[in-house]
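What follows is the residue order along each chain.
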Amino acid sequence: LLQTRFHSAPASAPERRPLAAARSCPWPREMATTVTLPADSNQAQGLAKYAIDFIGGAYGDNIDASVWEKAEQFHTDSVMCGVSALAMQTNAPSCLREEALTYPDPKGAKVFGSAERCAPEKAIVANASAVREWDSNGTVFGYNPSIPGHTAGEFGHNDFYGVVIAAAQVTGRVDGKTALRAMICVDEIRGRLAEVFSLKSYKIDHVLHGAIASSAVYGALLGASEEEIESAIGMTVAHYVPFRAIRAGKQLSDSKGASAALSTEAAVLSMRRAMRGFVGPKDIFRNPEAIFRFFEPTTGTAASQNSVDIALVNKVRWGPGPSPFNIVLSHSGSDFAVCGMHFKLGLYEHQSAGALEAIIYALVHNPDFAAGGLGAIENINIVAYEPAFGIIGDPAKKDPKSRQSADHSMAFIVSRLLVKAMKSGKVPSTMDAAWIEFMLSPYDYGKDALYDAETRSLFPRITFEHGGAEFDAKYPDGIPTQVDITLKGGKKISSGMVMYPSGHARNTSADLKKILEYKNRMLGDIVFAERKVVDSFVGRLVSMKSASAAEVGSLYDFDWSSIRSHPCID
């Protein structure tokens, strides 16, 4: 049944020229709705030209309404994640927000809930850290089989919208439609890079793609030239490559959640330096000693993830050559990267979405399962693909001791949802209603929930199984997961393979707007004392496209002194 269902710090730079109009460039090849940056071209400068032209409207006003709506939804979702993380006094966002306010800059940008201006990169690092803290905003898997070579399957998250708002606050001239267009641009660049180069294959953190996009978009909004943006991208890649050391081990630190923020801070600082005249490495994608050709050589040796020939005597290996990929970027129509990104309908690592969908389906369609309570469960076997099996299905993560570890533990996530469902005393009759009723909130990962006896009582009864080649082949097109529940007494409930759970870009059955509306209110109620204040704040976000430049500049403003008081969640 499920298979059938789911297959259907310097001072601010001086004001620069406005966004440039289209200029001649010898390399991008333009199609009706896309521009291609060939592997044998200077792709760093090509990205710069694309960002300048796209944000400046040089390609016309031909973006489909569905793209604008999707960008508004992802941006709103990210902000509500961010402000609620601050309200619950999470560590990294609080530290970085306080730090940002020690860098006053009257021509700078603003952190969430403050009218004070500070150095733009400091506001950006604070806001991006808050957005990412819950690990509950959008996700991309870098997979678009409709474009040759765009199936690398790199992860990524919608953490970078604050770059646009900071640029709008610095310039004072970015209206809502331009800001939303710039957000689409950020997602397009980082999303397409995720499709052509898998950073995780080389133990590099996925946030680097977002940092590159942030350099380009911040520069374009500030009026930087193509050459200045190229320099900033070159500096970002040459000086600030984040490795996945932040994700190693059983218990994770603040560095994991703040990775996108710290990389974006470096990227924006690089852009500001470039606009002051600092010249960074040029043509970084074809540079044989930068990460792209270093890990995927295009001359002198075969590319291999297991053995990269770095012998210095191989002169051809280190000589001129193309980058390992073409980059195809949309500028019109509906096939933008943001439309292939996925929502998290609550707090959980996205690769657990298939298991959650299967559990919710079992509850909705098997009343005896829900009525039997936790004690009736003998075993829950979760069959998953790599990398989900190795990352969040790791048996070592059955004993999480921090919130950051719990939200990367399939055992904890599934157990917590089941405890919540069984305690509710009722199970809704529809999947949408059940997702809303059992939505995992920040409270489900706090210190009390982390050591809840009932939650932990399920851990020994949960087993994991790698689905093998059959499951692996279906990722990242979907999230192939199967859950088999054995009840005491012998009854078995099997989900079959879940491919496109609720929130997935290819899911067509969920009422996404309704579920996201609930999620926004759930997170907003953590921040604001009155529902009307929540709705007003969310309303400004979802209608950003029609906002004036002044309204965009104050989009993240609210009275910090009046937010709800919470003890630190951790």
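Here's a quick rundown of the structure. Here the structure is a predicted model, which is why all the values come from computation and not from measurement.

### Some points on the layout of surface pockets
Taking a probe equal in size to a water molecule and rolling it over the atoms shows the remaining empty space. Within this model, the largest pocket holds a volume of roughly 470 Å³. Around the largest pocket, the lining comprises 24 residues; the ones closest to its centre are Phe 155, Lys 200, Arg 244, Arg 247 and Ile 391. Of the residues belonging to the lining of the largest pocket, the class tally is 6 nonpolar, 8 polar and 10 charged. The volume enclosed by the second largest pocket comes to roughly 320 Å³. Along the wall of the second largest pocket there are 13 residues; nearest its centre are Lys 513, Glu 517, Asn 520, Val 538 and Val 542. Put simply, the parts of the chain that give the lining of the second largest pocket at least two residues each are α3 (65-87), α22 (512-527) and α23 (531-542).

### Some remarks on the packing of aromatic side chains
Enumeration according to the criterion identifies 24 aromatic pairs in this entry. With centroids separated by 6.1 Å and ring planes inclined at 80°, the aromatic side chains of Phe 285 and Phe 325 adopt a geometry described as edge-to-face. On the criterion of sequence distance, the pair formed by Phe 285 in the loop between α11 (259-275) and α12 (291-295) and Phe 325 in the loop between α12 and β6 (327-330) is long-range, its members being 40 residues apart. The pair Phe 285 / Phe 325 is uniform in exposure class, with both members buried. With centroids separated by 6.0 Å and ring planes inclined at 45°, the aromatic side chains of Tyr 348 and Trp 435 adopt a geometry described as tilted. With Tyr 348 in the loop between β6 and α13 (353-365) and Trp 435 in helix α18 (residues 431-437), this residue pair connects regions lying 87 residues apart in the sequence. Take Tyr 348 and Trp 435: they sit in the same class, and that class is buried. Through pairs of rings, three or more aromatic residues link up here, namely Phe 197, Tyr 202, Phe 285, Phe 292, Phe 294, Phe 295, Trp 318 and Phe 325. Across the ring face of Tyr 103, the terminal group of Lys 122 is positioned such that the distance to the ring centre comes to 4.7 Å.

### Some words on the environment of Asp 135
Inspection of the secondary structure assignment puts Asp 135 in the loop between α5 (120-133) and β4 (139-140). Judged by relative accessible area, which is 1%, Asp 135 ranks as buried. Here the side chain of Asp 135 touches Lys 256 through a polar contact of 3.3 Å, side chain to side chain.

### Let's talk about the pairing of strand β9 (residues 482-487)
In terms of strand pairing, strand β7 (residues 377-384) meets β9 through 6 bridges, oriented antiparallel. Across the sheet, Ile 380 pairs through a bridge with Ile 485, a residue of β9. Of the pairings in the sheet, the one linking β9 to strand β10 (residues 492-494) comprises 3 bridges and is antiparallel in character. Of the residues in β10, the one forming a bridge with Ile 485 is Ile 493. Here β9 folds back onto β10 in antiparallel fashion, the turn holding 4 residues, of which Gly 489 has a positive phi close to 110°.

### Overview of the environment of Arg 272
Its place among the elements puts Arg 272 in helix α11. Classification of Arg 272 by relative accessible area gives buried; the value is 3%. Residues Arg 272 and Lys 474 lie 202 residues apart in sequence; the distance between their C-alpha atoms is 42 Å.

### A look at unusual backbone geometry
In this chain, Glu 386 is followed by Pro 387 through a cis amide linkage whose omega measures 20°. Take Pro 387: it is sitting in the loop between β7 and α15 (388-391). Here the amide bond leading from Tyr 475 into Pro 476 is cis, since omega sits at 10°, within 30 degrees of zero. Checked against the element boundaries, Pro 476 lands in the loop between α21 (468-472) and β9. Residue Gln 89 is not a glycine yet carries a positive backbone phi of 60°. With respect to the helices and strands, the residue Gln 89 is situated in the loop between α3 and α4 (91-100). What makes Gln 89 partly exposed here is its relative accessible area of 40%.

### A look at α3
Between its first and last C-alpha atoms α3 spans 33 Å; for 23 residues at 1.5 Å apiece the expected length is 33 Å, and the two agree. Of all 23 residues in α3, 19 are buried; the element is thus mostly enclosed. Where α3 ends, the next residue or the one after it, Gln 89, has phi of about 60°, a positive value.

### Side note on the sheet that holds β10
Here we have 4 strands laid out as an open sheet, ordered β8-β7-β9-β10, and mixed in their pairing. The strands lining the two open edges of the sheet, one partner per strand, are β8 (462-466) and β10. Sheet twist, expressed as the average angle between the axes of neighbouring strands with direction ignored, equals 15°. As defined by bridge partners, β7 adjoins β8 across 5 bridges and the pair is classed as parallel. Opposite Val 383, over in β8, you have Glu 465 as the bridge partner. Contacts from α13 reach β7, β9 and β10 within the one sheet, and its direction differs from that of β9 by about 40°.

### Section: the pattern of salt bridges
Oppositely charged side chains may form a pair once their charged atoms are brought near each other. For the structure on display, the rule yields 33 salt bridges. Two residues, Arg 181 and Asp 61, come together in a salt bridge whose shortest N-O distance is 3.5 Å. With Arg 181 in helix α7 (residues 176-196) and Asp 61 in the loop between α2 (43-56) and α3, this pair connects stretches of sequence that are 120 residues apart. Accessibility expressed as a relative area gives 7% for Arg 181, which makes it buried. Here Asp 135 makes a salt bridge to Arg 132, at a shortest N to O gap of 2.8 Å.

Procedures and definitions
- Residues numbered from 1 in each chain as written.
- Predicted model: local features only at pLDDT ≥ 70, side-chain atom pairs only at ≥ 80, totals over all residues.
- Heavy atoms only, no water.
- 1 Å grid on protein atoms, 1.4 Å probe; cavity = no way out; pocket = protein on both sides within 12 Å on 5 of 7 lines; lining within 4 Å.
- Points joined across faces, edges and corners; volume = space filled by probe spheres on them.
- Nonpolar A, V, L, I, M, F, W, Y, C, P; charged D, E, K, R; others polar.
- Helix = DSSP H or I, 4+ residues; strand = E, 2+ residues; numbered from the N terminus.
- Phe/Tyr/Trp six-rings, centres within 6.5 Å; stacked < 30°, edge-to-face > 60°.
- Buried < 20%, exposed > 50% of the residue type's maximum accessible area, 1.4 Å probe, protein only.
- Lys NZ or Arg CZ within 6 Å of the ring centre and 35° of its normal.
- Polar contact = N/O pair within 3.5 Å; in protein donor to acceptor, adjacent residues only side chain to side chain.
- Pairing = 2+ DSSP bridges.
- Expected span 1.5 Å × (residues − 1).
- Axes fitted to C-alpha atoms, helices over the stretch in contact; angles between N-to-C directions.
- Contact = heavy atoms within 4.5 Å.
- Salt bridge = Lys/Arg side-chain N within 4 Å of Asp/Glu carboxyl O.

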